[in-house]
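Geometric and topological summary
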Amino acid sequence: MDVNLIPLLPATQVLLTALVVMLLDFFVKEGEKGLLAWISLLGLALGVGETLLLWGSREGAFGDTVLLDNFALFFTQLFLGAAALTILSAVHYIRETHIREGEFYALILFATVGMILMASANDLIVFFLGLETMSMAVYVLTGMWRASGPASEAAMKYFLMGAFATGFLLYGIALIYGATGSTNLSHIATYLVATPPDWPLYLVAGGMLLLVGFAFKVAAVPFHFWVPDVYEGAPTPVAGFMSVAVKAAAFGAWTRILLHRLSAFDSDWALPLWVIAIATMTVGNLLALSQSSVKRMLAYSSIAHAGYVLIALISGEEWGGAPLLFYLAAYTLMTVGAFAVLTAMTDNGIPRESYSDFAGLGFKRPFLAMAMSLFMLSLAGFPPLAGFAGKFYVFRSAVLSGHANLAVIGVLNSLLSVAYYLRVIIAMYMQEGGAESKTFGQAPYLYVAIAMTVAGTLYLGILPAPALEWTRVSFFSLD
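Just so you know, these numbers come straight off a predicted model, no measurement behind them.

Examining the overall build of the protein chain
- A tally of regular secondary structure across the protein chain gives 19 helices and two strands.
- Over its C-alpha atoms the protein chain spans a radius of gyration of 21 Å, differing by no more than 12% from the 23 Å that the globule rule assigns to 479 residues.
- Reported as C-alpha extents along the three principal axes, the dimensions of the protein chain are approximately 65 × 55 × 40 Å.
- By the burial criterion, 62% of the 479 residues in the protein chain qualify as buried.
- Restricting the contact set of the protein chain to residue pairs at least 6 apart, pairs at least 24 apart contribute 80%.
- Roughly 17600 Å² of accessible area belongs to the protein chain as shown, and the carbon and sulfur atoms make up 70% of that amount.
- Considering the protein chain, the positive charge centre built from 21 side chains and the negative charge centre built from 28 side chains are found 9 Å apart.

Observations concerning the layout of surface pockets
- Of the pockets and cavities examined, the largest pocket occupies roughly 600 Å³.
- Every residue lining the largest pocket is counted, 23 residues in all, and those nearest its centre are Gln-77, Gly-81, Ala-82, Leu-85 and Leu-333.
- Looking at the lining of the largest pocket element by element, the count peaks at eight residues for helix α3 (residues 70-96).
- Of the residues assigned to the lining of the largest pocket, the class counts are 18 nonpolar, five polar and no charged.
- Estimated volume of the second largest pocket: approximately 470 Å³.
- If you go around the second largest pocket, you meet 20 residues; those closest to its centre are Leu-203, Gly-207, Met-208, Leu-262 and Trp-269.
- Mapped onto the lining of the second largest pocket, the elements with two or more residues apiece are α7 (185-194), α8 (201-217), α10 (236-261) and α11 (266-289).
- Considering every element that reaches the lining of the second largest pocket, the biggest residue donor is α8, with seven residues.

Concerning unusual backbone geometry
- Cis geometry marks the peptide bond from Val-221 to Pro-222, where omega comes out at 5°.
- That bond from Pro-383 to Pro-384 is cis: its omega, 0°, falls within 30 degrees of zero.
- In this fold, Pro-384 is placed in the loop between α15 (366-380) and α16 (386-400).
- Not every positive phi belongs to a glycine, and Asp-64 is a case in point at roughly 60°.
- On the secondary structure map, Asp-64 appears in the loop between β1 (59-61) and β2 (66-68).
- With a relative accessible area of 42%, Asp-64 lands in the partly exposed category.
- Positive phi outside glycine occurs at His-98, with the angle close to 60°.
- Assignment of secondary structure puts His-98 in the loop between α3 and α4 (101-120).
- Judged by relative accessible area, His-98 falls into the exposed class, the value being 71%.

What about helix α2 (residues 34-54)?
- With 21 residues, α2 extends 31 Å between its outermost C-alpha atoms, agreeing within 8% with the 30 Å of an ideal straight helix rising 1.5 Å per residue.
- Of all the residues in α2, the buried ones are Gly-34, Leu-36, Ala-37, Ile-39, Ser-40, Leu-41, Gly-43, Leu-44, Gly-47, Glu-50, Thr-51 and Leu-54.
- Residue Gly-56 follows α2 closely and has a positive phi angle near 95°.

Observations regarding empty space enclosed by the protein
- A full pass over the atoms with the stated rule returns one cavity of 30 Å³ or more.
- What the largest cavity holds in volume is close to 40 Å³.
- Taken together, Thr-86, Ser-89, Thr-236, Pro-237, Gly-240, Phe-241, Val-336, Phe-339, Ala-340 and Thr-343 form the lining of the largest cavity.
- Class assignment for the residues of the lining of the largest cavity results in five nonpolar, five polar and no charged.

Observations concerning a nonpolar patch on the surface
- Together, Phe-363, Phe-367, Met-370, Phe-382, Leu-422, Ile-426, Tyr-429, Met-430, Tyr-447, Val-448 and Met-452 line one region of the surface with nonpolar side chains, adding up to about 1000 Å² of accessible area.
- Looking at the nonpolar patch, the elements with two or more residues in it are α15, α17 (404-430) and α18 (444-462).
- Looking at which element gives the most residues to the nonpolar patch, the answer is α17, with four residues.
- As for its placement among the helices and strands, Phe-367 is situated in helix α15.

Structural notes on the environment of Met-136
- If you trace the backbone, Met-136 turns up in helix α5 (residues 124-142).
- Of the residues examined, Met-136 reaches a relative accessible area of 43% and is grouped as partly exposed.

Observations regarding the environment of Thr-453
- Locating Thr-453 in the fold gives a position in helix α18.
- Spatially, the C-alpha atom of Thr-453 lies 8.8 Å from that of Thr-335, the residues being 118 residues apart in sequence.
- Those residues in contact with Thr-453, other than ones at most four positions away along the chain, are Leu-85, Leu-333, Val-336, Gly-337 and Phe-375.

Conventions adopted
- Residues numbered from 1 in each chain as written.
- Predicted model: local features only at pLDDT ≥ 70, side-chain atom pairs only at ≥ 80, totals over all residues.
- Heavy atoms only, no water.
- Helix = DSSP H or I, 4+ residues; strand = E, 2+ residues; numbered from the N terminus.
- Rg over C-alpha atoms; globule rule 2.2 N^0.38 Å.
- Buried < 20%, exposed > 50% of the residue type's maximum accessible area, 1.4 Å probe, protein only.
- Contact = heavy atoms within 4.5 Å.
- Areas by Shrake-Rupley, 256 points an atom, 1.4 Å probe, with all protein chains shown as cover.
- Lys, Arg positive; Asp, Glu negative; His and termini not counted.
- Charge placed at Lys NZ, Arg CZ, Asp CG, Glu CD.
- 1 Å grid on protein atoms, 1.4 Å probe; cavity = no way out; pocket = protein on both sides within 12 Å on 5 of 7 lines; lining within 4 Å.
- Points joined across faces, edges and corners; volume = space filled by probe spheres on them.
- Nonpolar A, V, L, I, M, F, W, Y, C, P; charged D, E, K, R; others polar.
- Expected span 1.5 Å × (residues − 1).
- Patch = residues over 30% accessible without salt bridge, like charges linked within 9 Å, V, L, I, M, F, W, Y side chains within 5 Å.
- Salt bridge = Lys/Arg side-chain N within 4 Å of Asp/Glu carboxyl O.

Structure below.
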């Protein structure tokens with residue numbers, strides 16, 4: 001039997017790069033580890049090149065359990081970009097904190113491989129394998145700063161909570177397999193169409209357990225309790241990577257399953273997601289208001305943004321698909337950028353993450369303060385920035401799909417978030433004092449990462465039409 005391995009090409013490229021980095025780590029001297037960062041970035045760039053060459057392809061591997069379409073390629077490009085920005089922003093940071101460079105870059109790449117598999121999976125078992133590949137790498141990344149007590153605590157909390165959520169997910173997959181006789185999404189959808197409404201109770205229970213596992217990965221309420229402590233304790237570049245890439249991977253799989261394969265049954269899964277979306281937006285924003293740490297504020301902010309993305313998911317296949325993908329791309333740029341600025345605030349391995357540490361930054365580090373202001377305004381939804389365009393398309397999709405009340409709640413939550421985002425800007429330009437960090441002036445890679453995210457945030461806000469067309473073509477390639 002002929003085996004088509006083309007759908008695995010981008011993931012294989014990143015995997016081989018990770019193995020090369022691990023091997024060379026044994027031979028590269030301590031002061032020359034920057035070579036490993038360049039090799040990692042080169043591997044990611046080659047992966048992006050492969051996705052461009054494969055754009056428009058429709059391929060399946062291993063009995064169509066892994067699919068290559070524009071949807072999978074879109075998420076692959078998103079993951080590769082997030083990984084590259086994370087590596088760029090982490091080069092100086094991991095040297096300051098004495099994190100092992102080779103291991104760090106390899107784990108970022110391994111996590112990216114798992115994410116690519118999740119977005120390409122047309123089978124629950126393949127999805128689970130991708131999820132665990134990603135999760136194991138991120139667990140280790142969270143605790144890689146061995147000299148930091150909070151990092152070790154964060155890794156343990158994340159691992160225990162993640163293992164618990166994985167149990168729900170795996171048991172849900174087992175129940176679905178028991179009811180339908182398959183873990184292939186196409187076969188499951190065919191079974192559901194052929195047997196409504198005589199579904200066994202344990203099939204419904206399996207679907208609900210699957211939703212619990214997904215909700216944990218996107219940090220949706222009430223499965224969000226791990227987020228603030230884990231993000232606060234994790235190395236700052238890792239927290240940024242978790243905030244965008246892990247969330248995007250889960251939403252990618254969720255979109256393929258719910259918005260496409262099970263779109264005919266949206267009346268069954270939309271109601272619980274409706275409740276979760278409102279709770280996620282509201283709880284995330286309310287708790288973010290009371291934080292004294294910018295890093296914890298961004299953690300709760302990431303919870304709220306998961307609620308906004310859920311609005312697009314609820315809006316359905318026709319209206320919500322392209323806005324969902326656009327929002328994830330915009331969220332990736334502005335959030336990675338915000339965490340990159342936090343990384344730049346670190347001084348000799350000492351985190352500077354409170355609002356008071358940002359006091360006077362607009363006069364000490366004008367470029368850094370300008371970039372952070374841009375990211376805060378974008379996250380709050382001010383025009384003409386990426387966050388405004390993303391929220392506009394998401395709320396518009398809710399109105400067009402008949403969920404105007406959900407759009408109103410989203411707008412009110414977005415207005416609520418302005419208070420804690422503007423607080424950062426007020427500290428930078430209207431308060432005196434604050435910490436003086438030498439890191440940013442010594443980290444040229446950080447300049448590049450922040451400049452790229454600033455450019456992307458402006459581009460998606462000022463000229464959103466090409467990117468929206470890109471997301472539309474990506475989503476409607478689902479077959």
